[in-house]
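Observations on the three-dimensional arrangement
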Amino acid sequence: RENYDAVCIGIGAWKSTGVRCEGEDLPGVIGGIDFLGKIERNEPFVMGKKVAIVGGGNTAMDACRSAVRMGADEVYNIYRRTKDEMPADMVEIEEAEEEGVIFRNLRNPLKIHAGEDGRVASMTLQVMELGEPDESGRRRPVEVPGSEFVMELDTVIMSLGTSPNPLISSTTKGLDTNKWKCIIADENNGKTTKEGVYAGG
């Protein structure tokens, strides 16, 4: 700001966020964007045969379809609402179905369990039903009491959103951010709350 008339910040949001359930830090649990990054960089990844992708956005659909192509026998999409409430593009959802992804809608993770080797072995899920609309306009998922069940899995891919990497979040010091730590900027012109500073991406 001392040397330029304007500064534009484009740090992105590359840190995967989960559902804050027990077992999210186990080996065999990975963020959706991290999983796709490993594929892009051709990095080795032990996936196993039964894979669950938690989330309903386009990144989740990309992760589902990638898991199928990488040879998983069973690929499940877990989402706490119905397909109609999914934020993913409908074409992505339909093509994932065509490729063999098994959709388990109205399900929500409660706990991820480790096997004897310390890796993911299963996940406890809660059956949900749709209640009244929430602030997003979509019907709020409500727990069905006593409906918990366990699904055996080799890998869990959490694809529920992203936030900026905390290692570079000092870049945002003095700027207003939202609950996801993303910079608040005017959608029309990119202006932030600090004069001469813009943000995008």
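Just above sits the structure.
What comes next is a walk through the structure. Predicted model, so just to flag it, every value in this text is computed and none were measured.

Concerning the sheet that holds strand β3 (residues 29-31)
Strand order in the open sheet formed by five strands is β3-β11-β4-β5-β6, with parallel pairing between adjacent strands. Strands with a single pairing partner mark the edges of an open sheet, and in this sheet they are β3 and β6 (102-105). Direction aside, the axes of adjacent strands within the sheet are offset by 20° on average. Bridge analysis of strand β4 (residues 50-54) against strand β5 (residues 74-79) gives five bridges, and the strand direction is parallel. Paired with Ala52 across the two strands is Tyr76, which belongs to β5.

Description of the nonpolar core
Ranked by size, the top nonpolar core spans 20 residues in total, and within it Ile53 and Met61 carry the most contacts. Contributions of two or more residues to this core are made by β4, α2 (58-69), β5 and α3 (90-98). No other element matches α2, which puts five residues into this core. Counting 15 residues, the second largest nonpolar core, distinct from the first, contains Ala52, Tyr76, Met123 and Leu153.

Scoring rules and cut-offs
- Residues numbered from 1 in each chain as written.
- Predicted model: local features only at pLDDT ≥ 70, side-chain atom pairs only at ≥ 80, totals over all residues.
- Heavy atoms only, no water.
- Pairing = 2+ DSSP bridges.
- Helix = DSSP H or I, 4+ residues; strand = E, 2+ residues; numbered from the N terminus.
- Axes fitted to C-alpha atoms, helices over the stretch in contact; angles between N-to-C directions.
- Core = buried A, V, L, I, M, F, W, Y, C linked by side-chain atoms within 4.5 Å.
- Buried < 20%, exposed > 50% of the residue type's maximum accessible area, 1.4 Å probe, protein only.

Just geometry here; none of it tells us what the structure is for.
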